[in-house]
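Structural characterization, general
Spelled out from the first residue to the last, the chains are:
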Amino acid sequence: MPKIEETQPKYLQIAHHIRDQILRGDLRPGDEVPSERQLAADWGVSRPTAARSLEALRHQGLVEKRQGPGTYVRGLAVNRRARELYGRAKQTGKIYTPGEYAVITSAGWLEAPDYVAESLNLAAGARAVHRRRVTKNDTGPITLSTSWFGPDVGERAPKLRDPDRIQEGTLMYVENMTGRQGSYAEDRMCARLATEDEAADLELEPGSAVLIVHHVVYDLQDHPLEFAEATYPPSRWAFEQGYPIG
């Protein structure tokens, strides 16, 4: 039986074990994951606990139910830039590549917009800490992004409230200051016309199309740790994904 850490609910331990298999490639898109019955037997837990672990994986977008009893690994479409930034910070201690730099245009406490408060599980009208930045290289702006953190994180990580750069990146800094570790993220994407402020920051013509990515990072307890809204100019984004057609 796999070992279960007592610091986490059993269903999360099971879900994280399967998630790690998926992210390592041990379980690939289209593979069937263990059933509720098999998980219950392997881990020594009840069927409802096993079912809850599979539901957590579905919530994370890692697996899907298909016709019949099985649950299968989904094809993963990820925000590659977010993953690359975090991975680079883990490996090198620096979040940007040579030639890239960020200009922090504002930081501090603000009333969280409704969609931010909902994503961070805050009450409507609650204050949160924000960091708004424009990332550039020698060709111009790459992206405009705003990170939001709940008041508990804002109090424990004071650098978030200052407009100075955080070399290791905001998420790694937050992890170090709070002891909460990012576990997985969810992205929601749409395209729309840029606002006046976005067009000015990204040096775009008024009315230009932009890609909007809402990026929510969850900790090991499945609680939201960071909400980020990124705005990409049209020349800076594209989607590439291979898939079977037979």
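A brief look at the structure comes next. From a predicted model like this one, the values you see are computed outputs, not experimental measurements.

Within the chain, the secondary structure is distributed over eight helices and eight strands. Contacts in the chain between residues far apart in sequence, at least 24 positions, make up 60% of those at least 6 positions apart. When the accessible surface of the chain is totalled, it reaches about 13700 Å², and 49% of it is carbon and sulfur.

With that settled, consider the pattern of salt bridges. In a structure, side chains of opposite charge can pair up when their charged atoms sit close to one another. The full count for this structure, using the stated rule, is eight salt bridges. Between Asp 201 and Arg 132 there is a salt bridge whose closest N-O contact spans 2.7 Å. Here Arg 132 lies in strand β4 (residues 127–137) and Asp 201 lies in helix α8 (residues 196–201), a separation of 69 residues in the sequence. For Asp 201, a relative accessible area of 21% puts it in the partly exposed group. Between Asp 152 and Arg 180 there is a salt bridge; the shortest N-O distance is 3.4 Å. With Asp 152 in helix α6 (residues 151–156) and Arg 180 in the loop between α7 (170–178) and β6 (182–193), this residue pair connects regions lying 28 residues apart in the sequence. One salt-bridge network, held together by shared partners, links Asp 152, Arg 180 and Asp 219.

Now for the nonpolar core. Membership of the largest hydrophobic core comes to 19 residues, with the highest contact counts inside it found for Ile 18, Ile 22, Val 33, Leu 39 and Leu 57. If one sorts the elements of this core by residue count, helix α1 (residues 10–24) sits on top with six residues. In this view, Leu 57 contacts Ala 15, Ile 18, Arg 19, Leu 62 and Val 63; residues no more than four positions away in its chain are not counted. Grouped together as the second largest cluster of nonpolar side chains are eleven residues, Ile 166, Leu 171, Tyr 173 and Val 217 included.

Summarising the element assignment, His 16 is placed in helix α1. Those residues within four positions of His 16 in sequence are excluded, and the remaining contacts are Gln 8, Ser 183, Leu 220 and Asp 222.

Examined against the element boundaries, Glu 198 turns out to sit in helix α8. Within polar-contact distance, the side chain of Glu 198 engages the side chain of Arg 192 at 2.9 Å. A distance of 3.4 Å separates a polar atom in the side chain of Glu 198 from a polar atom in the side chain of Thr 231. Once residues lying within four places of it in the same chain are set aside, the contact partners of Glu 198 are Leu 144, Arg 192, Leu 193, Val 210, Ile 212 and Thr 231.

Rules used in this analysis
Note that residues are indexed from 1 along each chain, following the sequence as it is written. In keeping with the model being predicted, local features are shown solely for residues with a pLDDT of at least 70 and side-chain atom pairs are shown and tallied solely at 80 or more, while totals for entire chains, interfaces and linings include all residues. No hydrogens and no water enter the side-chain calculation; it runs on all heavy atoms of the structure. Put simply, DSSP marks the helices as runs of H or I at least four residues long and the strands as runs of E at least two long, and each gets a number from the N terminus on. Only heavy atoms matter for contacts: two residues are in contact if any of them lie within 4.5 Å across the pair. Areas reported here follow the Shrake-Rupley algorithm with a probe of radius 1.4 Å; residue values treat only the protein chains shown as occluding. What counts as a salt bridge is simple: a side-chain nitrogen of Lys or Arg found within 4 Å of a carboxyl oxygen of Asp or Glu. Exposure categories follow from relative accessible area, calculated using a 1.4 Å probe and restricted to protein chains: below 20% of the type maximum is buried, above 50% is exposed, and the middle band is partly exposed. Throughout this description, the term nonpolar core refers to a set of buried Ala, Val, Leu, Ile, Met, Phe, Trp, Tyr and Cys residues connected via side-chain atoms within 4.5 Å. We call two N or O atoms a polar contact when they sit within 3.5 Å, provided that within protein one can donate a hydrogen and the other can accept it, with sequence-adjacent residues counted only if both atoms are side-chain atoms.

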